[in-house]
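Letter by letter, the chains look like this.
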Amino acid sequence: MNIRVCVGGATGWTGESIVSAVLDSDEFELVGAVARQAVGESVGALRGEADGSAVRVTATVRAALEAPADVYIDYTHPTAVYENVMVAIEAGVAAVVGTSGLTAQDYAEIDEAARGQGVGVIAAGNFSITAALLKHFSGIAARHVPHWEIIDMASAAKPDAPSGTAQELAEFLGTVAANEFARPVEETLGSRKARGATIGGAQVHSLRLPSYVISVESIFGLPGERLTIRHDAGSSAEPYVGGTLLAARLAPERVGLTQGLDRLLFDPAPTGA
């Protein structure tokens, strides 16, 4: 039986690629599409297909989930993602969260709600394989090098900072080991803000400039040596499709929140975060 999928942000940069992959798959069935634009139009018509999908775009997740679904995939906007995911959980639908902007407190509330409803939520700051490897390898490095900072680079128009990729990485490394500072950040002379934001015990620096899509560096230093691990994303949303569909496949088997694509790749047991 196909996994029934509803996609939020269905006409957006990543959401459009997710919709295409679902429609081309023998494993998934598109049953809902949510977007701020093209409300009421069929997905097939938007794709220029006379005999394409008859699923119509709705303005809200609640309306889209009137059709039975197994998984809700969110690629909407940082200001909407929390409410969208909570609506899916309330409806007893598993969720995959690819939208950034959620805080640690948001995730804690999502986890609590998901456990209460007995559904699974899989969230990742980045669903690309190389971003998952960045996080995994950085975790190994943090066990041996106790000094690191993170640089987050994204497009000039990206509204949230840091990126979900950088925030997830910083919070994760804080659970692996204690980051040590030769000089406490609080003792900075000049502008304290120049040292970036402290997340998970690490300093995170966000650049927002044209020509970047998503790039994240974790930089580890010891006296006389340095290690840099970097993920770069190109202009296509294709890197996020495979990881998102993997999460959509596994989310209905889980209960509670699982954070990070790396958890699916390296710790695949169906448990919460």
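Going by the structure above, here's the rest.
Residues numbered from 1 in each chain as written. Predicted model: local features only at pLDDT ≥ 70, side-chain atom pairs only at ≥ 80, totals over all residues. Heavy atoms only, no water.

(A) Main features of the pattern of salt bridges. Applying the stated rule across the entire model yields 13 salt bridges. With a shortest N-O distance of 3.0 Å, Asp262 and Lys135 are connected by a salt bridge. Here the residue Asp262 occupies a position in helix 9 (residues 261-266), and Lys135 occupies one in helix 6 (residues 129-142), the gap between them amounting to 127 residues. An identical accessibility class is assigned to Asp262 and Lys135; each is buried. Salt-bridge contacts for Arg230 lead to Asp232; the nearest nitrogen and oxygen are separated by 2.9 Å. Residue classification places Asp232 among the partly exposed positions, given a relative accessible area of 44%. Each of Lys135, Glu168 and Asp262 takes part in salt bridges that share partners, so that together they form one network. (Salt bridge = Lys/Arg side-chain N within 4 Å of Asp/Glu carboxyl O. Helix = DSSP H or I, 4+ residues; strand = E, 2+ residues; numbered from the N terminus. Buried < 20%, exposed > 50% of the residue type's maximum accessible area, 1.4 Å probe, protein only.)

(B) Geometry of the nonpolar core. One finds Ile73, Val96, Phe127, Ile150 and Phe220 to be the most contacted residues of the largest nonpolar core, which totals 53 residues. Residue contacts for Val96: discarding those within four places in its chain leaves Val71, Tyr72, Ile73, Asp74, Ile122, Phe127, Thr244, Ala247, Ala248 and Ala251. Counting 14 residues, the second-largest nonpolar core is a separate cluster that includes Val85, Ile89, Ala95 and Ile110. (Core = buried A, V, L, I, M, F, W, Y, C linked by side-chain atoms within 4.5 Å. Contact = heavy atoms within 4.5 Å.)

(C) Quick peek at a nonpolar patch on the surface. Together, Ile129, Leu265 and Phe266 line one region of the surface with nonpolar side chains, adding up to about 250 Å² of accessible area. Structurally, Leu265 can be placed in helix 9. (Patch = residues over 30% accessible without salt bridge, like charges linked within 9 Å, V, L, I, M, F, W, Y side chains within 5 Å. Areas by Shrake-Rupley, 256 points an atom, 1.4 Å probe, with all protein chains shown as cover.)

(D) Molecular detail of the pairing of strand 11 (residues 225-233). Here strand 10 (residues 214-222) pairs with strand 11 via 9 bridges, running antiparallel. When the bridges of strand 11 are listed, Phe220 appears paired with Leu227. Where strand 10 folds back on strand 11, the antiparallel hairpin that results is connected by 2 residues, among which Gly224 adopts a positive phi of roughly 80°. (Pairing = 2+ DSSP bridges.)

(E) Quick peek at the packing of aromatic side chains. Scanning the entire structure with this criterion turns up 2 aromatic pairs. Ring geometry for Trp148 against Phe220: centres 5.9 Å apart, planes inclined by 50°, an arrangement best described as tilted. Remark: Phe220 occurs in strand 10 and Trp148 occurs in strand 7 (residues 148-154); sequence separation between them is 72 residues. Accessibility expressed as a relative area gives 2% for Trp148, which makes it buried. (Phe/Tyr/Trp six-rings, centres within 6.5 Å; stacked < 30°, edge-to-face > 60°.)

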